[in-house]
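The primary structure of each chain is shown beneath.
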Amino acid sequence: MKLAALAFLGALAATASAGPVRVTVECEQYGRTKACPAFLLGFIDANKAMLQSPRSDADVVVYASANEVALVDRMHLRFVGAIQGAPPVIELDVDVDTRGTDDEQRAQLEPAFLRGMALYVAARYPDSVKVVIEPPEETATATPSTTPWGLSISFGGSGNRTERFKSASGYGEIETTYTTRRVRMVSALNASYGLNFQPPLVLEDGTEVSLDTRQWSFGGGAGAGYLMNDCWSAGAVARAMREDPKGQHHYLVQSFAGIEWDKYAADDPRGNRLAVLYKAGAHVERYNIRNKLGERFAAYPYHALIASGSLRKDKVTVGLSLSAQAEMFDPERRHSLSASPYVEVQLGAHVDLSASFSITKRELPGPDESQIDPSDFALLSRLSYAEPLAINGSLNLTIHWDRTNGARNDRLEDL
């Protein structure tokens, strides 16, 4: 009787051992891609010789850890097995390009995963594994030096020319950044210039009114933020700008501080973001034309609440920002509500293309009409800043050289 029971148990064990190799995946460090667990689990599902399994029943446990090196995640895969005839531990490293598409990242990761699993599968199914050895590629093995500093240059423009009409406009910005897991600093300088030449307007008395316009502005700012934990961060910003004499501001200075709550970690592997920011500060403004309140100069506190989110798929990011801003003690006098969707496409390792759209409902003190010369077309064409509804769109090309320490920190972008 005992011999029969032992034979029955042996048959059950033989049947169990003939099944697929049971594998479980443990992500110790997620990194910036979907490598763990999404891609690794996908490799298991695609191979009939393997089966996803709870850790308690697993023949092989794959421990995955991502270490950030410049723009790649160096994945360390540690295979721990309990199959007779296979090694108990196998460890492999593979680099995954964080700016690649899902298919490109899978193609980089899959050979290393299959190489690690091959001995375990071969121990159970010797005929299922075939080995091909090719001449090695000459590759550098030295670990590159890294830096938290980044530089970005953005520019855009448009133009039109006919025999009687000419117009052109341009915009440029240079930005430097310092980014680590907990600290984010940025400084920027920007400038814009536009001109429009067209035939003059001739009045009934023969007077000619020039319709030519030129406009320019320049400015800059700097700010810093600190990540207190995975959900909360705080920071401050100061900036200033100057416009030509036909613009709204002779100068504008702003300084403010803010605190932000985020749903996702600052280094979310998929690049997703959902944040709510509250900021408060002061505006100091000098106007080129006295406004309806009789002001040529104004200084006032203000605050704002901004909610924004973005989703990333491969090389495309889409997002939306909603904001409400107002003068702190007199919101009826100055306030605005806006919605701004946008999309960004990575064209290459150092080139991005972005497009955005915004619609804003606002209330601002308009210019004192007694100060406006009705024959000054250049001035009349610049008075839209006080219109209650504004719709804007933009298209930008950005050339950038990123920091190489690989740190991700998307905190306080709306500040």
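All values derive from a computational prediction rather than experimental measurement. Counting from 1, residues in each chain are numbered in the order their sequence is written. Selection of residues for local features in this predicted model requires a pLDDT of at least 70, selection of side-chain atom pairs for listing and counting requires 80 or more, and totals for whole chains, interfaces and linings are taken over all residues. Side-chain numbers come from the whole structure's heavy atoms, not from hydrogens or water.

Helix numbering and strand numbering both begin at the N terminus, where a helix is a DSSP run of H or I of at least 4 residues and a strand a DSSP run of E of at least 2. Within the protein chain one finds 4 helices and 19 strands. Only protein chains enter the accessibility calculation, which uses a 1.4 Å probe; a residue is then buried when its area is under 20% of its type maximum, exposed when over 50%, and partly exposed in between. Looking at the protein chain residue by residue over its 415 residues, the buried ones come to 36%. Considering only intrachain contacts with a sequence separation of at least 6, the fraction spanning at least 24 residues in the protein chain is 60%. In short, Shrake-Rupley with a 1.4 Å probe defines the accessible areas, and a residue's cover is counted only from the protein chains shown. With an accessible surface of roughly 23300 Å², the protein chain has 58% of that area assigned to carbon and sulfur atoms. Should any heavy atoms of two residues lie within 4.5 Å, those residues are counted as being in contact.

Once that is clear, we can look at the pairing of strand E8 (residues 183-197). One requirement defines pairing of two strands: DSSP has to find at least two bridges between them. Direction of pairing for strand E7 (residues 166-179) relative to E8: antiparallel, over a ladder of 14 bridges. Paired with serine 169 across the two strands is glycine 194, which belongs to E8. In this antiparallel pair of consecutive strands, E7 and E8, the connection spans 3 residues. Relative to strand E11 (residues 213-227), E8 runs antiparallel, the two sharing 14 bridges. Looking at the pairing, serine 187 lines up with alanine 222 of E11.

Per-residue confidence for the protein chain gives a mean pLDDT of 85, with 89% of residues at or over 70. Along the chain, pLDDT gives the predictor's confidence residue by residue, from 0 to 100. Averaged pLDDT values over the elements of the protein chain bottom out at 44 in helix H1 (residues 2-17) and peak at 95 in strand E12 (residues 232-243). Considering only residues more than four positions removed or in separate chains, one finds that residues 1-16, a stretch of pLDDT under 50, has 1 contact.

Strand order in the open sheet formed by 5 strands is E2-E1-E3-E4-E5, with mixed pairing between adjacent strands. Each end of this open sheet is capped by a strand with a single partner; those strands are strand E2 (50-52) and strand E5 (89-97). For this sheet, the mean angle separating the axes of adjacent strands, direction not counted, is 30°. Bridge count for strand E1 (residues 21-29) against strand E3 (residues 60-69) is 6 bridges, and the pairing is parallel. Within E3, the position partnered with cysteine 27 by the bridge is alanine 64. An axis is simply a line fitted to the C-alpha atoms; with a helix, the fit covers only the stretch in contact. Between two such axes, the angle follows the N-to-C directions and lies from 0 to 180 degrees. Across the face of the sheet, helix H3 (residues 102-124) comes into contact with E1, E2, E3, strand E4 (72-81) and E5 while running at roughly 165° to E5.

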